Number of protein chains: 2
Amino acid sequence: MIYVKVYSERNRFMPVERPWLKLRRLLKAELRWGPGLGAEVEGAVLQQKLATIEDVAAMAGVSIATVSRAINEPTKVADATRRRVIDAIARTGYTTNAMARSLRMRRSNMILILAPDVGDPNFSNILVGLETEASKRGYGLLIGNTQNDPSRETDYLRFISSNQADGLILFTGHLPFGLAQSPTEARLPPMVAVNEPVLGQDIPFVGVDNFEGARVAAEHLISQGHRRIAFVGHAPNREINRLREEGYRAALGGAGIQIDPRLIIDGDGTTESGRAAAELMFVRDALPTAFLCVNDATAMGVIIALNARRYDLPRQFSVMGFDDISFASFITPSLTTMKQPRHRMGEAAMELLLTLLAGEKPKSREVLLRAELILRNSVSRPGN
Amino acid sequence: MIYVKVYSERNRFMPVERPWLKLRRLLKAELRWGPGLGAEVEGAVLQQKLATIEDVAAMAGVSIATVSRAINEPTKVADATRRRVIDAIARTGYTTNAMARSLRMRRSNMILILAPDVGDPNFSNILVGLETEASKRGYGLLIGNTQNDPSRETDYLRFISSNQADGLILFTGHLPFGLAQSPTEARLPPMVAVNEPVLGQDIPFVGVDNFEGARVAAEHLISQGHRRIAFVGHAPNREINRLREEGYRAALGGAGIQIDPRLIIDGDGTTESGRAAAELMFVRDALPTAFLCVNDATAMGVIIALNARRYDLPRQFSVMGFDDISFASFITPSLTTMKQPRHRMGEAAMELLLTLLAGEKPKSREVLLRAELILRNSVSRPGN
DNA sequence: ATAAATCATGAAAACCTTTACATCATCGGA
DNA sequence: TCCGATGATGTAAAGGTTTTCATGATTTAT
């Protein structure tokens, strides 16, 4: 059904002659550039108003269509003409108005980044990778800090729905609230989840292989001779924690080590949870020789607790983290950990999103990068 | 002078009748919405094409001008009409196309952030403040990572010159290369420098009062009884270092303490420079009782060096930093330092920029916030 | 009762591009 | 010599807003 407006008779206005509007348009060029531009070429950039494609066209003596082509499809214009246009562009200091272009092309060359906490150093390093790849391909980055607030998530989606952004990078681990209700995926904007996958939805994902990384970490401890290895950060409803714990279990299982359930300790990934976990070990009186922590923050908590109890690390206890956050190397003892390739994660995620955006089929909708074992001083052979 | 195009006779084309173009426009609404929208209201959002203001107008039975007014100046339309429009907006799922709006309004409600290193945690915390204030005022943030590369700086300026961003927040401490040559400030886009001022140019600035902060820090050490206080991070051509050293000198001068020039040590603010500085002290054999460091990274270097030499901190040496970076509390001993109000800096900078953007006169073109003394465990009375 | 001010609304311009369609010139081949 | 293909370029139509000016109707002031 088409909605048709029916005007009442009294409302059917007749257009009025307003010749000055036309006149204004004709005078525009002069109003803009003022007299003397031709002579004072250098002065062009001094004008307050920006040059438009029309100014360039007039100066080069061609139509605006030709100017546009000279810029966007240079092969389609004759050499001599192109030179004139380029010259005119230089003289006027013309820059394409991105708004007009976006309006016409229906794409903005902008990507919206939705992150729960922009201040998180883990995030900001990935951001650098995202930025590298985006700017290489001529895309700009728009950042949205949601603080896990659904209303802020919805709010930021306006950039998508208002055409201000073409695609979406998700750090939040869940669909933004405004999109969550959509029954099918068909209407979702192009997006890629990074760092944390979106569960239950088939959203393209770029992240680190947490299972494999944790397995490598645990195997390193085993290779050093540890048998009683605690896992700090049990949280089965958090995907990252769950996968890392799986990796830990796989490694121990592979080495034929029975896991003492008292060595699996809850933790939400904060430094404080690590500290509490270590204390709990002493209460339980079921001490391990090594702590494999779900992340570096947790590991730092463990180390702080052990230091406070005056243990000599790593002689009496080994500790491993995961992430390689920036101060992992500064704590005493410096932390042996699994390094996340954050820069590459960012690049890979942006690459995947831009592929999607171009309408091409990506090689794979899930990219898992390997974490790298970083050897420092928080791990040694047990029982010295 | 107006550039006038003179067409040769052969080029004066006559427009051709192409009635289908008109037809296409007339059919647009139906093509877009398909049949049955009226009946299937909930289905409106399911259409691929987004609703435009015209669709809303048709559905509400008013002109697009009235729809625009109902949205932007609600008081200017009659109550009954406004309700109809709002209803139609809800039914179509209409969102204003930001590109069209920006094109027309000549402003994008976007702010470009130019930072040398987006991954720097110091930066990212300020960013959170910027974001808070910006999103409160309906502005979006566009980030540009320049890595101090002039060509990247110039490149990012395209967002300004193409109207994709209305204003600029500068973290770089200098004008972006593309703007640097401009002889007068008149042509600079609205911008605010944050964290580091732009020297030699009258650019509005928001930062911390480095002089005052360093003075408070030094006075704290003096109040603990220290007299031989080293300053680590002498670098007179860096504004921040210079000011903090001035504050240190002012405090010592105020307390009547002669400064031993051997206690002033070069440093570029890196952890490594702190470590080297501490080593140098031992070489010079002119040991202080306390180290006032130009920033926390330097202080960490000093602490690492002293720990490595098996000194007992803070009993044998006190160390103070500046910044309160996130791991200042995790190193042993935890670092007494001056906390930068980063969140507030971000907010204040954005507030200042938006004031400028609104064409209003700001209260002050320079905002200096006070750093806060954070007492931890790296400072004690000397000579125990 | 009439003139003047106010109110609600519409038509069309303006913002600045890109691009579909059209035109003319030129060149190569028959 | 003529015809078709190709190449260079122009015209005008989108693209979706906001806003100026105009119009009648209604209210207020005289």
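Because the structure is predicted, anything quoted here is derived from the model rather than measured. (Residues numbered from 1 in each chain as written. Chains lettered and ligands numbered in written order. Predicted model: local features only at pLDDT ≥ 70, side-chain atom pairs only at ≥ 80, totals over all residues. Heavy atoms only, no water.)

Observations concerning the pattern of salt bridges
Residue and element names in this part refer to chain A.
Phase 1 of the analysis: Evaluated as defined, the whole model comprises 39 salt bridges over all chains.
Phase 2 of the analysis: A salt bridge links glutamate 133 to lysine 136; its shortest N-O distance comes to 3.4 Å. With a gap of three residues between them, glutamate 133 and lysine 136 both fall in helix H6 (residues 121-136), about one helical turn apart.
Phase 3 of the analysis: With relative accessibility at 7%, the residue glutamate 133 sits in the buried group.
Phase 4 of the analysis: You can call lysine 136 exposed: its relative accessible area is 59%.
Phase 5 of the analysis: Between arginine 228 and aspartate 260 there is a salt bridge whose closest N-O contact spans 3.4 Å. (Salt bridge = Lys/Arg side-chain N within 4 Å of Asp/Glu carboxyl O. Helix = DSSP H or I, 4+ residues; strand = E, 2+ residues; numbered from the N terminus. Buried < 20%, exposed > 50% of the residue type's maximum accessible area, 1.4 Å probe, protein only.)

Thoughts on the packing of helix H12 (residues 271-284) of chain A against helix H13 (residues 296-308) of chain A
Residue and element names in this part refer to chain A.
Phase 1 of the analysis: Packing of H12 against H13 leaves a shortest axis separation of 6 Å and a crossing angle of 45°. By the criterion of interaxial angle, the relationship of H12 to H13 is oblique. Where H12 crosses over H13, the handedness of that crossing is right-handed. Along its contact with H12, which presents Thr271, Ser273, Gly274, Arg275, Ala278, Glu279 and Phe282, the element H13 presents Ala297, Thr298, Met300, Gly301, Val302, Ile304, Ala305 and Leu306.
Phase 2 of the analysis: Classifying every residue of the contact of H12 with H13 by side-chain character gives eight nonpolar, five polar and two charged. (Axes fitted to C-alpha atoms, helices over the stretch in contact; angles between N-to-C directions. Parallel < 35°, antiparallel > 145°, perpendicular 65-115°, else oblique. Left-handed = near helix turned anticlockwise from the far one by under 90°. Contact = heavy atoms within 4.5 Å. Nonpolar A, V, L, I, M, F, W, Y, C, P; charged D, E, K, R; others polar.)

Topic: the pairing of strand S8 (residues 290-293) of chain B
All names here are of chain B.
Phase 1 of the analysis: Neither face of S8 is left uncovered, since the one carrying Ala290 and Leu292 and the one carrying Phe291 and Cys293 both have all their residues buried.
Phase 2 of the analysis: With four bridges connecting them, strand S6 (residues 229-234) and S8 associate as parallel partners. Residue pairing across strands places alanine 230 opposite phenylalanine 291, the latter belonging to S8.
Phase 3 of the analysis: Inspection of the sheet shows S8 paired to strand S9 (residues 318-320) by three bridges, in the parallel sense. The residue of S9 that forms the bridge with leucine 292 is methionine 320.
Phase 4 of the analysis: In this fold, the crossover linking S8 to S9 by way of helix H13 (residues 296-308) has right-handed handedness. (Pairing = 2+ DSSP bridges. Right-handed = clockwise from strand over helix to strand, strands pointing away.)

Some thoughts on the nonpolar core
Phase 1 of the analysis: Counting 95 residues, the largest nonpolar core has A:Leu130, A:Ile169, B:Leu130 and B:Ile169 as its most contacted members.
Phase 2 of the analysis: At eight residues, the largest contribution of residues to this core is made by helix H14 (residues 342-357) of chain A.
Phase 3 of the analysis: In this structure, A:Ile169 is in contact with A:Ile111, A:Leu112, A:Ile113, A:Leu114, A:Leu130, A:Val192, A:Val194, A:Ala349, A:Met350 and A:Leu353, ignoring residues within four places of it in sequence.
Phase 4 of the analysis: If you look at the next biggest cluster of nonpolar residues, it comprises 48 residues, including A:Leu263, A:Ile265, B:Phe291 and B:Ala299. (Core = buried A, V, L, I, M, F, W, Y, C linked by side-chain atoms within 4.5 Å.)

Structural notes on the packing of aromatic side chains
Residue and element names in this part refer to chain B.
Phase 1 of the analysis: Within this structure, the stated rule accounts for 14 aromatic pairs over all chains.
Phase 2 of the analysis: When the centroid spacing of 5.2 Å and the interplanar angle of 35° are considered together, the rings of phenylalanine 231 and tyrosine 248 count as tilted. In this pair, phenylalanine 231 is assigned in strand S6 and tyrosine 248 in helix H11 (residues 239-254), connecting sequence segments 17 residues apart. You'll find phenylalanine 231 and tyrosine 248 in the same group, each marked buried.
Phase 3 of the analysis: Arranged with centres 5.1 Å apart and planes meeting at 80°, the rings of tyrosine 311 and phenylalanine 317 form a pair that is edge-to-face.
Phase 4 of the analysis: Given the relative accessible area of 6%, phenylalanine 317 is considered buried. (Phe/Tyr/Trp six-rings, centres within 6.5 Å; stacked < 30°, edge-to-face > 60°.)

Notes on the confidence of the model for chain A
Phase 1 of the analysis: For chain A, per-residue confidence averages 85 on the pLDDT scale, and residues scoring 70 or more make up 85% of the total.
Phase 2 of the analysis: Taken as a whole, residues 1-17 of chain A scores under 50 in pLDDT and shows 16 contacts with residues more than four places along the chain or in a different chain. (pLDDT = per-residue confidence, 0-100.)

Remarks on the environment of A:His220
Residue and element names in this part refer to chain A.
Phase 1 of the analysis: Here histidine 220 shows up in helix H10 (residues 210-223).
Phase 2 of the analysis: Its relative accessible area of 12% is what places histidine 220 among the buried residues.
Phase 3 of the analysis: Placed 100 residues apart in sequence, histidine 220 and methionine 320 show a C-alpha to C-alpha distance of 9.5 Å.
Phase 4 of the analysis: Contacts of histidine 220, omitting those with residues within four sequence positions, involve Met320, Thr336, Leu373, Leu375 and Val379.

Quick word on the environment of A:Ile264
Residue and element names in this part refer to chain A.
Phase 1 of the analysis: Positionally, isoleucine 264 belongs in strand S7 (residues 264-266).
Phase 2 of the analysis: In this structure isoleucine 264 comes out as buried when scored by relative accessible area, which is 12%.
Phase 3 of the analysis: Distance from isoleucine 264 to histidine 234, taken between C-alpha atoms, is 6.5 Å for residues 30 residues apart in sequence.

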